Each structure stands twice: as C-alpha cells, then as structure tokens.
Amino acid sequence: MKIKFLVFCFAGLLCGNVFAQQDSIVGKSLDDIVVTGTRTAVTARNLPVTISVVDRVQLAETQRVNILPTLVEQVPGLFVTQRGLMGFGVSNGAAGGINVRGIAAGGGQLLVLIDGHPQYNGIYGHSIADAYQTMMAERVEVLRGPASVLYGSNAMGGVINIVTRGMKQDGVNTHVHVGAGSYGTVQVEASNMIRKGGFSSSVAGQYGRSDNHRPRMGFEQYGGYVKLGYDFNEKWNIFADVDLTHFNSSYPGSVSAPMYEADQWITRGVATLAVENHGERTSGRLSVYDNFGRHKINDGYAEGATPQMRLFRSKDALTGVSFYQSIDAWVGSRITVGVDYQHIYGNAYYTSRETGEILETQNKQSGKANMNEIAGYVDLRQTLADWLTIDAGIRLDNHSVSGSEWVPQIGIVARPTNNAEVRLMASKGFRNPTMREMYLYPPSNEDLEAERLWNYELAWKQRIANGRFTYGINLFLIDGDNMIQTVNRQNVNTGEIKNRGAELEASFKVSECLTLNTNHSWLHMDNHVVGAPEYKGYLGATFHCNIWNASAGLQQVSGLFKAVGTENDPKENFTLLNINVGCQVMKHLQIWAKGENLLAQDYEINAGYPMPHATFMAGVNLKF
C-alpha cells in the first residue's frame, strides 16, 4: 500500500511538472517570510534550517478548532497521536503526543511557542495539545531540527511556533464559525479584529464538545483569546495578549481494560507583554510572559474496583523575560544577540474528594519545586556572495540545578540559481531535566544532567515554472545520548538516540483555481518511539473557484509504533481520506461540510484505543 501510494503521488506530480512547463498559465510564488529561524522576519531561502509554513487559509479550510491535525497533513516528519473526534486529554490514556523525526514533545524534546514564547507544563515539561487553537493562529511555522541556540531547553528536536492573528490595515473584520456532526460534536468560534490608526485588537472565543465514539470519553472545551496592540510610529510598537483554555476530558481506558470516573479538569493560560522596534538595519523585542496551568485529575478505577477517594492536583507556571536585538553591523551581515530568563514553578499534591483538604500520601510524593534558567546567545548570518550565506550561533545556558550547557550550531546555504538552494546544517539540541524527573516521584534524581543530541542535515529546494512548481528534499541524521531513562527504579542519564531519514515535499499550482501538494517522510530509529511512523505520506488538492472551494487529502501512515518495550513492538498501517467542501451562498455567508476517514479504516494510534470510523460535520461561516 505504501509503495502504491508513493507511486501515485509521484505520478501526479510528474504530470504536474509537465504541465508546469507550459506558458499558458502565468503565475509566480513568493518566498516565505519566517521569524522562527532567526526571531526576526527573513526570507526562508537565506536560512540553513528547514521550516514549513502552514498559513491561515490552510488552517481555516479544514474547519478544525485545533491546529495539530492540519500540521500532521502538511508537515513531513511530524506526527501527533489522537484518540477521538475531539480532544486529546492529559494524564493516563492521553493523546496529543507530538513528535518530529522521532523526537517527542511528550518527553519535552519538542518546543511549542506562541509568538516565540515557550508553552509547556512546568512540572512535566510537555506541551498541552488541547491549548493550541486555530482561532488565534495567523500561521504556524514548524522548524524541523534543533533550535536550542535561539530557544534553549526543550527545542532539541524542533519547534512549532504559532504566530497570532492581527489586522494589517484599517477596518473591522468579524468571523463566526458554527459546526455540528457525528457523536454529538459541536464547535463554535467567533472572532473580531479591529485596526484604526496605530491601535489594533483581536478578540476570539471558542466552545467545543463531543461525546466521541466510545462510552465515557466525553470532551468539552472553552477558550478565549485577546490581543491589543499600538504602533507608536513605524519603528516602535507594543502589544499584550492573553490566551485562556479550559477543558473537561474523560478517559475510558483501553478496550480490554475499561476505566470509570477517570476525569480531568484542566485550565491553561498564557499572558504576554512585549515592546518591539523595527528599523532599516535593526529590529528587536523585549517581552515578559507567564504560562500557567491548573490541573485536577481523578485517576479513576477499573471495573469491579473501588472508586478513588482523592484527586490529583497540580499548579505550574513558567514566567520569563526575553530580550533580543538584531542588527546589520556591516555589508551582508545580520547579528542577533539575546538574553532569556525563566522561572519555573510547580506544586503537585492530592486532595480529599469529599473535603478538599490536602492529603499526605505514601505511594506518591507531594512536592513543590522552583527552578531558574538564564541564557545568552549570539547568532551571526553572513552573506559572502549572492549565492552563498553562512550562519553560526552559540548559546550558554545555565540551569539552577543541572548546571551550564554550551550549545553551538553552524549552517551553509548555497544558491546555485535564483530558484534553488542547497543547505548544510549541524546543530546541537538539549533538554534540561523536568521537575517530575528531579523531584516529584520515587524515581526522581536531583543529579540528572541535560539530554543532548546532534542533528546533521542536507537539503535541496527548487522552484520552477515561474515558481508554480516547488519541491524540496531533506536528508538527516540525529545522534543523541544522555537521554533520561528509569533504571532500577531511578531516573538516570543513560539512553541513546540514533534516527535517520528523508523527507520530500512538493506543490504545484495547476491553475488559479487548483493547487496540488504532497509530502513524504521516511524514518529509521535504532530505538522505537511511540507515535513515530516509519513512513508518512500525504497527497492533497485544493480548489477555489467563484463561490466554491474544496480540499481533499489522502494520507498514508505505515509502521506506526503503538507501544514499545515488548519483544515485538506492535505497529499499525492505515490510509485516511478527508474531504472539505464550502459554498459562498451569500456575500457574508458560507456553508460547509466535511468528512474524515471516509474509507472507514479500522485502526489504532495508541494500543487498545480504536479510532472512529467515518465521521461527518457541517456548518456555516459568517464574515462581515
């Protein structure tokens, strides 16, 4: 199936390439302008790192309230575990495990950012997948490979940077999205953006719920986002934003071992205040941010067992100050200097289910911990000729418990033609140990050191047919050691990582109405990782013409490890077909419908947790 799927995709792109040579269709694509690779806006073709950009149109046309399923389709090498129609959950039985090239965010090895600021659970060090909503995203930039020089700990495998929405021109834009479908699923989203002179605002709210396809697997979520900004002049601006998400999630257990009353009540939030400067030769930002969470979890009970009399509780916060300034010091140069400070706080404990009082427990430690991290970094990008750019950076990161870490990287970009570039990159990534690993549970060990890896990458990208046909190929090798594992009931630095693979992505603008795109990734792991497929391929088509728009995607996943640690780790193969259709029936009104897993595949992503068969939703979008 994998081979047939790959041949089909290449055949489609080959035909597209032939048509692209014809001059009957005139078009030109612009290079992506990204901020994730340097912290300042720059053309992606001048950077040695590999960055995928998923824009607002791609995010919105799938009619999903969460960005992650769309990223799985559009970004080679990225996969996210799922468990149902809506909601990822936390704790036991949770999904939402993000990994890139076999490096997992569940272990804190992949960093999610909102406007360049880190977002993760301060105690456990992992991302909270249900907090990443489409309503606030203008675009998402995914940097595949270490980004620790710029972003520090947890960015050892890469970063997902959510760039928030905002009005660019004076006016008012209001959008209401409503949908309903299979298994009692409902999603509602409303947003309003205003710009007048120097003032701008973005306000959004979201509600979603689903019974999902299994008993005791309900999910409900509320979310809100506010961003206010003011441009003092062309060079200086200030903005503040707040994003708040609360969700209630239930864990049904595996099919063979059902659970009861395994419920979760989770609140996550982030607040940011930033001042930015933009000049002809310099730009920078000073920002203060706070990422916080409140978790209440009932661990539940197995069939025939006794209900829990206590609830697990935790509070965490990641408070930080970030400053960077970038300057063109001489001809062809760009130097970025930055300083980051983070204070990480966490408190985990149990309370009585009846009285709410804090309990002393023997089998799990209650704990409170504080950690601090301060770092400085320098990154230099130098264009030596029209066809050659080098980039080198280094970071010194000091953690209050695990000590100091030097983090270097170096890369070269050669542009043999105006429409092509080749990249060579060697970069180090690292992750400091979390509070959980150092303090909170019996395997904890305060003597842990940082995890480390090196990523080596060779990439080629080319645009032909006036920019309407674009393709890129990446080869990579990841070599890591000092990974934290539990041995003889204690966390120690003993694990190793050796992953290698290849990635291919291509897009073809057939006409003004029709665009085709495909991506593929192959991964070999010496040590298997849950939720990391050996092969992932996607073939998509989008159609926009007059009042109609439609998108279809065919995804093949092969060699997906559902569990590890057994003699024969179970793997899964499946093919998914998703289709979205919309019609602009009036100036301000669009109706839409979509179907997912239309081939009714019977498959699991996590062992013992079957995914739903074909599901359907429909709704309306209002814009005025």
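Small disclaimer: the values here were computed from a predicted structure and weren't measured.

Of the regular secondary structure elements, the protein holds five helices and 37 strands. Relative to a compact globule of 624 residues, whose C-alpha radius of gyration would be 25 Å, the protein shows 24 Å and is just as compact. Taken across its 624 residues, the protein has 55% of its residues classed as buried. Restricting to contacts in the protein with at least 6 residues of sequence separation, those with at least 24 account for 62%. Surface accessibility of the protein: about 25,900 Å² in total, with carbon and sulfur atoms responsible for 58%. Positive and negative charge centroids in the protein, built from 53 and 58 side chains respectively, lie 3 Å apart.

This part covers the packing of aromatic side chains. Enumeration according to the criterion identifies eleven aromatic pairs in this entry. Arranged with centres 5.3 Å apart and planes meeting at 50 degrees, the rings of tyrosine 207 and tyrosine 222 form a pair that is tilted. Here tyrosine 222 lies in strand E14 (residues 219–231) and tyrosine 207 lies in strand E13 (residues 199–210), a separation of 15 residues in the sequence. Ring geometry for phenylalanine 469 versus tyrosine 471: centroids 6.2 Å apart, planes at 40 degrees, classification tilted. Three or more aromatic residues joined by ring pairs form one cluster here, namely Phe469, Tyr471 and Phe508. The ring of tyrosine 260 is capped by arginine 216, whose NZ or CZ atom sits 4.2 Å from the centre of that ring. Above the plane of the ring of phenylalanine 239 lies lysine 227, whose end atom (NZ or CZ) is 4.8 Å from the centre.

Pairing within the open sheet is mixed, and its five strands lie in the order E3-E9-E10-E7-E8. The strands lining the two open edges of the sheet, one partner per strand, are strand E3 (50–55) and strand E8 (117–118).

Attention now moves to unusual backbone geometry. If you check the backbone angles, arginine 101 has positive phi at about 60 degrees while not being a glycine. The class of arginine 101 is buried, set by a relative accessible area of 2%. Here the phi dihedral of asparagine 212 falls at roughly 60 degrees; this positive angle occurs in a residue that is not glycine. Following the sequence through the fold, asparagine 212 ends up in the loop between E13 and E14.

This part takes up empty space enclosed by the protein. Scanning the model with the defined rule gives twelve cavities of 30 Å³ or more in all. Empty space within the largest cavity amounts to approximately 590 Å³. In terms of lining residues, the largest cavity is bounded by 37 residues, among which Pro69, Gln82, Gly84, Leu85 and Glu596 are the most central. Among the elements of the structure, helix H3 (68–74), strand E4 (78–80), strand E12 (185–196), E14, strand E33 (571–584), strand E34 (589–596) and strand E37 (615–623) are those that each provide at least two residues to the lining of the largest cavity. Here the lining of the largest cavity is built from residues that sort into 17 nonpolar, 14 polar and six charged. When its volume is computed, the second largest cavity comes out at roughly 180 Å³. For the second largest cavity, the lining is made up of 21 residues, of which Pro118, Tyr151, Tyr289, Asp340 and Gln342 are closest to its centre. Taken together, the elements giving at least two residues each to the lining of the second largest cavity come down to strand E7 (111–114), E8, strand E20 (310–327), strand E21 (333–352), strand E23 (367–385) and strand E24 (388–399). Among the residues forming the lining of the second largest cavity, the class breakdown is ten nonpolar, six polar and five charged.

Okay, the pattern of salt bridges next. According to the stated counting rule, one finds 32 salt bridges in the structure shown. Taking the shortest distance from any N to any O, the salt bridge between glutamate 596 and arginine 64 comes out at 3.1 Å. Highlighted residues: glutamate 596 in strand E34 and arginine 64 in the loop between helix H2 (56–61) and H3, separated in sequence by 532 residues. In this structure, glutamate 503 and arginine 144 form a salt bridge, with 2.8 Å as the shortest nitrogen-oxygen distance. Taken together, the residues glutamate 503 in strand E29 (residues 490–509) and arginine 144 in strand E9 (residues 137–144) connect sequence positions 359 residues apart. For the pair glutamate 503 and arginine 144, one class covers both residues: buried.

Okay, the side chain of glutamate 141 next. Mapped onto the fold, glutamate 141 is located in strand E9. Residue glutamate 141 is classed as buried on the basis of its relative accessible area, which comes to 0%. Separated by 2.4 Å, the side chains of glutamate 141 and threonine 36 make a polar contact. Here glutamate 141 is in contact with Ile33, Val34, Val35, Thr36, Ile51, Ser52, Val53, Val159, Ile160, Asn161 and Val163, once residues within four sequence places are set aside.

What follows concerns the environment of glycine 332. Checked against the element boundaries, glycine 332 lands in the loop between E20 and E21. Separated by 52 residues in the primary sequence, glycine 332 and leucine 384 have C-alpha atoms spaced 6.9 Å apart.

For the rest of this paragraph, the subject is the sheet that holds strand E5 (residues 98–100). Read from one edge of the open sheet, three strands run E4-E5-E6, paired in antiparallel fashion. Among the strands making up the open sheet, the edge pair consists of E4 and strand E6 (103–104). Across three bridges, E4 lies against E5 in antiparallel orientation. Bridge pairing in E5 links phenylalanine 79 to asparagine 99.

We now examine the pairing of strand E30 (residues 514–525). Two strands pair when backbone bridges link them, and E29 and E30 are joined in this way by eleven bridges, in the antiparallel orientation. The partner of glycine 501 across the bridge, within E30, is leucine 523. Summarising the sheet, E30 and strand E31 (residues 533–545) pair through nine bridges and their orientation is antiparallel. Residue pairing for E31: serine 521 is matched across the bridge by lysine 536.

Our next topic: the confidence of the model for the protein. Taken residue by residue, the protein gives an average pLDDT of 90. The fraction at 70 or more is 93%. At the level of individual helices and strands, the protein shows its lowest average pLDDT in helix H1 (residues 2–20), which scores 42, and its highest in E34, which scores 97. Note that residues 1–30 has pLDDT below 50 and, in this model, 48 contacts with residues that lie over four places away or in other chains.

Below, the discussion takes up the nonpolar core. By size, the foremost hydrophobic cluster in this structure holds 41 residues, and its most contacted members are Leu111, Tyr151, Val159 and Phe312. When residues no more than four places from it in sequence are discounted, the contact partners of tyrosine 151 are Val35, Thr36, Arg39, Leu111, Leu113, Gly116, Val159 and Arg395.

Following the sequence through the fold, threonine 282 ends up in strand E18 (residues 282–297). With relative accessibility at 25%, the residue threonine 282 sits in the partly exposed group. Considered as a pair, threonine 282 and alanine 329 are 47 residues apart in the sequence and their alpha carbons are 8.9 Å apart. In this view, threonine 282 contacts Asn277, Gln325, Ser326, Ile327 and Arg334; residues no more than four positions away in its chain are not counted. Within the structure, the side chain of threonine 282 is placed 2.7 Å from the side chain of glutamine 325, a separation counted as a polar contact.

About the criteria used
- Residues numbered from 1 in each chain as written.
- Predicted model: local features only at pLDDT ≥ 70, side-chain atom pairs only at ≥ 80, totals over all residues.
- Heavy atoms only, no water.
- Helix = DSSP H or I, 4+ residues; strand = E, 2+ residues; numbered from the N terminus.
- Rg over C-alpha atoms; globule rule 2.2 N^0.38 Å.
- Buried < 20%, exposed > 50% of the residue type's maximum accessible area, 1.4 Å probe, protein only.
- Contact = heavy atoms within 4.5 Å.
- Areas by Shrake-Rupley, 256 points an atom, 1.4 Å probe, with all protein chains shown as cover.
- Lys, Arg positive; Asp, Glu negative; His and termini not counted.
- Charge placed at Lys NZ, Arg CZ, Asp CG, Glu CD.
- Phe/Tyr/Trp six-rings, centres within 6.5 Å; stacked < 30°, edge-to-face > 60°.
- Lys NZ or Arg CZ within 6 Å of the ring centre and 35° of its normal.
- Pairing = 2+ DSSP bridges.
- 1 Å grid on protein atoms, 1.4 Å probe; cavity = no way out; pocket = protein on both sides within 12 Å on 5 of 7 lines; lining within 4 Å.
- Points joined across faces, edges and corners; volume = space filled by probe spheres on them.
- Nonpolar A, V, L, I, M, F, W, Y, C, P; charged D, E, K, R; others polar.
- Salt bridge = Lys/Arg side-chain N within 4 Å of Asp/Glu carboxyl O.
- Polar contact = N/O pair within 3.5 Å; in protein donor to acceptor, adjacent residues only side chain to side chain.
- pLDDT = per-residue confidence, 0-100.
- Core = buried A, V, L, I, M, F, W, Y, C linked by side-chain atoms within 4.5 Å.

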